Amino acid sequence: MTPSLAIPLTINVDSWLIPARYCPSPHFDTRPQGEVSLLVVHSISLPPARYGGPYIDQLFLGTLNPDEDPYFAEIHQLRVSAHCLIRRDGEIVQYVPFNQRAWHAGQSSFNGRERCNDFAIGIELEGTDTDSFTDAQYQQLTKVTQLLQAKFPAITTDHIVGHCDIAPGRKTDPGTGFDWSFLKQL
C-alpha cells in the first residue's frame, strides 16, 4: 500500500512520528546529555541494491536470518538501528524515538566531536550510493526534517549531513545518487 504523501506529519510527546509504521528496535539507549543537534542521512538496501521486503526491519530488530541471503551471513549479528527509514514509495518506518540514541553512525565525528550517535538523529533512505532516490522520499525527508528542526532547533541547515561526512573513508552513503540541492529546494 502506498502511503498518502498529503497526510501531515507530527511528532508526539514520546518522540514518535505520526503517522509512521512503528517497529521498535531493541538497539538504542539513552542519550548521554539528551542533546539533539545533528541530522544524518543514510542509505540502505537489503540485500544490496534490492528494494522492498522485510530485511531492513529485520536488521534493525536483530532478527535477520543469515540463511536468507549470503550477504546476511556477514551482517546478521550487527546491533544497529536508525530512527527512521523512508522507503522508495515514501512509507516512513520508525524504529527508535527521536529523543533516544539510535545506533546508526558508528565511529564518527562532526566538527571535531566524536560519537555522533550521542547527539544525532539517523534517517535511512531505501536506496544505494549510486541509484537516484524518489520524489516521494525527498518529500517525506523534507517534512521529517522540518519537524525535527522545529523540535530540535540546534539542527540547523549546516547540521544536516550524510553518513559519508561524519565517517569519511569508512562510509559513502547516501552517495552520489542523493541530490542535496533538490532537498534544499524543497
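Residues numbered from 1 in each chain as written. Predicted model: local features only at pLDDT ≥ 70, side-chain atom pairs only at ≥ 80, totals over all residues. Heavy atoms only, no water.

(A) Broad picture of the pattern of salt bridges. Under the counting rule described, the total for this entry stands at nine salt bridges. Note that D57 is salt-bridged to R21, the shortest N-O span being 2.9 Å. Taken together, the residues D57 in helix α1 (residues 55-61) and R21 in strand β3 (residues 21-22) connect sequence positions 36 residues apart. Taking relative accessible area as the criterion, D57 reaches 10% and is therefore assigned buried. (Salt bridge = Lys/Arg side-chain N within 4 Å of Asp/Glu carboxyl O. Helix = DSSP H or I, 4+ residues; strand = E, 2+ residues; numbered from the N terminus. Buried < 20%, exposed > 50% of the residue type's maximum accessible area, 1.4 Å probe, protein only.)

(B) Quick look at the pairing of strand β11 (residues 120-126). Among the seven residues of β11, seven are classified as buried, and the element is accordingly described as predominantly covered. With burial as the criterion, each face of β11 is covered, one bearing A120, G122, E124 and E126 and the other bearing I121, I123 and L125. Across three bridges, strand β6 (residues 84-86) lies against β11 in parallel orientation. Paired with C84 across the strands is I123, a residue of β11. (Pairing = 2+ DSSP bridges.)

(C) Representation of the state of the cysteines in the model. Counted by the stated rule, this structure contains zero disulfides. Not engaged in a disulfide, the cysteine C23 finds its nearest cysteine sulfur in C84; these two sulfurs lie 11 Å apart. (Disulfide = S-S within 2.5 Å.)

(D) Quick peek at the environment of P54. The residue P54 is located in the loop between β5 (38-44) and α1 in this model. Along the sequence, P54 and A154 sit 100 residues apart, while their C-alpha atoms lie 34 Å from each other.

(E) Focus on the sheet that holds β5. Taken in spatial order, the six strands make up an open sheet running β3-β7-β6-β11-β5-β12, and their pairing is mixed. Two strands close off the open sheet at either side, each with one partner strand: β3 and β12 (160-162). The pairing of β3 with strand β7 (residues 92-94) spans two bridges and is classified as parallel. Bridge pairing in β7 links R21 to V93. Each of β5, β6, β7, β11 and β12 touches helix α3 (residues 135-151); the most contacted strand, β11, lies at about 170° to it. (Contact = heavy atoms within 4.5 Å. Axes fitted to C-alpha atoms, helices over the stretch in contact; angles between N-to-C directions.)

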